[in-house]
Each structure stands twice: as structure tokens, then as C-alpha cells.
Amino acid sequence: MRDTERDGEALRDDPVVRSKMANLHTEAEGGSRHGAQVRHRGGEGGERRQGRKDFQPPTVAASEYKLFATEYSVRLANASMDIAGPGTQMRVRTDDAPMEGRAESTYRYTVIDTIGGGASEIQRNIIARRGLGLPKNF
Ligand SMILES: Cc1cc2nc3c(=O)[nH]c(=O)nc-3n(C[C@H](O)[C@H](O)[C@H](O)COP(=O)(O)OP(=O)(O)OC[C@H]3O[C@@H](n4cnc5c(N)ncnc54)[C@H](O)[C@@H]3O)c2cc1C
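Fair warning: this is a prediction, and the values are worked out from it, not measured in the lab.

Thresholds applied
Residues numbered from 1 in each chain as written. Predicted model: local features only at pLDDT ≥ 70, side-chain atom pairs only at ≥ 80, totals over all residues. Heavy atoms only, no water. Salt bridge = Lys/Arg side-chain N within 4 Å of Asp/Glu carboxyl O. Helix = DSSP H or I, 4+ residues; strand = E, 2+ residues; numbered from the N terminus. Buried < 20%, exposed > 50% of the residue type's maximum accessible area, 1.4 Å probe, protein only. Expected span 1.5 Å × (residues − 1). Near = heavy atom within 4 Å. Polar contact = N/O pair within 3.5 Å; in protein donor to acceptor, adjacent residues only side chain to side chain. Areas by Shrake-Rupley, 256 points an atom, 1.4 Å probe, with all protein chains shown as cover. Nonpolar A, V, L, I, M, F, W, Y, C, P; charged D, E, K, R; others polar. Core = buried A, V, L, I, M, F, W, Y, C linked by side-chain atoms within 4.5 Å. Contact = heavy atoms within 4.5 Å.

(A) Fine view of the pattern of salt bridges. Within this structure, the stated rule accounts for six salt bridges. For Glu29, the salt bridge identified is with Arg33, shortest N-O distance 3.0 Å. Here Glu29 pairs with Arg33, and both are found in helix α1 (residues 15-49), just four residues apart, close to one helical turn. Since its relative accessible area comes to 36%, Glu29 is described here as partly exposed. Accessibility expressed as a relative area gives 57% for Arg33, which makes it exposed. Between Glu104 and Arg91 there is a salt bridge, with its nearest N and O atoms 3.7 Å apart.

(B) Quick look at helix α2 (residues 59-84). Between its first and last C-alpha atoms α2 spans 37 Å; for 26 residues at 1.5 Å apiece the expected length is 38 Å, and the two agree. Within two residues after α2, Gly85 carries a phi angle of roughly 85 degrees, on the positive side.

(C) The site of the ligand, seen in detail. Within the structure, the ligand sits among ten residues, and Ile115, Gly118, Ala119, Glu121 and Asn125 are positioned closest to it. Here an oxygen atom of the ligand and a backbone polar atom of Gly118 are 3.3 Å apart. Contact distances for the ligand include 2.8 Å between a nitrogen atom and a side-chain N or O atom of Asn125. In isolation the ligand has 960 Å² of accessible area, and contact with the protein removes 34% of it. No other element matches the three residues that helix α4 (residues 120-131) contributes to the shell around the ligand. Among the residues making up the shell around the ligand, the classes are represented as five nonpolar, four polar and one charged.

(D) Structural detail: the nonpolar core. Listed in full, the six residues of the largest apolar core are Leu11, Val17, Leu24, Tyr72, Ala79 and Ile83. Elements supplying a minimum of two residues to this core: α1 and α2. Of all the elements, α2 adds the most residues to this core, at three residues. In this structure, Ala79 is in contact with Lys20 and Leu24, ignoring residues within four places of it in sequence.

If you want it as C-alpha cells, here you go:
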């Protein structure tokens, strides 16, 4: 985005592109902090407490993070394709593709992360029932 021009205009000057990038960057920052917190509560910090009876694995926070991170990856991949344009459909490691084709593989592979390890709908159910105390709906 820093170096690419479209129709003689730098992409970095396009307000729509800038807005999209700012939103994605903000989401990435928030997600990164949430991920660190979940790791601390469940892993690094949790290990010291796991022998204790009152230790509660952070299942709701883990589901929130899994849901957010994988759905975010899809949004990021979609934005890469939108911003970089038609050349992004070229396969990964294609020298003259934008970002050497990384957008294309990311676009395909991020979808499966919303399924593996428990689909997004399952994560939402965990958050709704365990986190928000909502009733079973199935
Ligand atoms: C890339 C990848 C890697 C994987 N790696 C492993 C691995 O290493 N080890 C392993 O054990 N498994 C692995 N899996 C399997 C994975 O854990 C399951 O695919 C995943 O948990 C979803 O289960 P399912 O395929 O049975 O889908 P289903 O549970 O049958 O879901 C099908 C659809 O129905 C929806 N759905 C299901 N139940 C509900 C519900 N109660 N409420 C609302 N919606 C619902 C789902 O969201 C989904 O859209 C992998 C899957 C993928 C895609």
C-alpha cells in the first residue's frame, strides 16, 4: 500500500483504503492484546494455578479470541484482495503478483480456520451460554 499506485494515484492517499487499513490495524491491536491475556490466564499464568481447586480455565475468553482472530483473518484476507486488486488472484510465490501472491493463499486458507478447532457458531454458543448466561437454543 505504501508503494503502489492505481490510476496514477498512490493507494496510501485513497481515503477508502486508509480507512480500511486503520480499522484493520486497530482490530489487530485489540486482538493481539486479547490473545496475550488469554495465553496468560490459561497458560503462562494459569499453569501456576492449575493445581488449585479454584482454577477456572478461561474457556469463554478463549472462545472469544478464537472467534475474533479467525473471523478477523478472513476480513483481513478479503481486504487484501480488495485493496491490491485483480492481480491478487495469482498463486502464492508468483513474482509479479502483488505481495508475491500471498493474498491469494491467505484468502483460501483463512476460511478453514473459522471451522477447525470448533466452528464460529460453536464459539458463539459457548460465549452466549457460559459467558452471557443465555439459555440453550438447540
Ligand atoms: C483445517 C482443519 C484442520 C483440522 N484439524 C483437526 C485436528 O488436527 N484434529 C481434530 O481432531 N480435528 C481437526 N479438524 C476437525 C475440526 O475440529 C472440525 O471440523 C470442527 O470442529 C467442526 O466440526 P465438524 O466438521 O463436525 O462440523 P459440524 O459440527 O458438523 O458443523 C457443521 C456446521 O454446522 C454448524 N453447527 C454445528 N453445531 C452447531 C450448533 N450446536 N449450533 C450452531 N451451529 C452449529 C457449524 O458451525 C458448521 O457451520 C480440522 C478441521 C479443519 C477444517
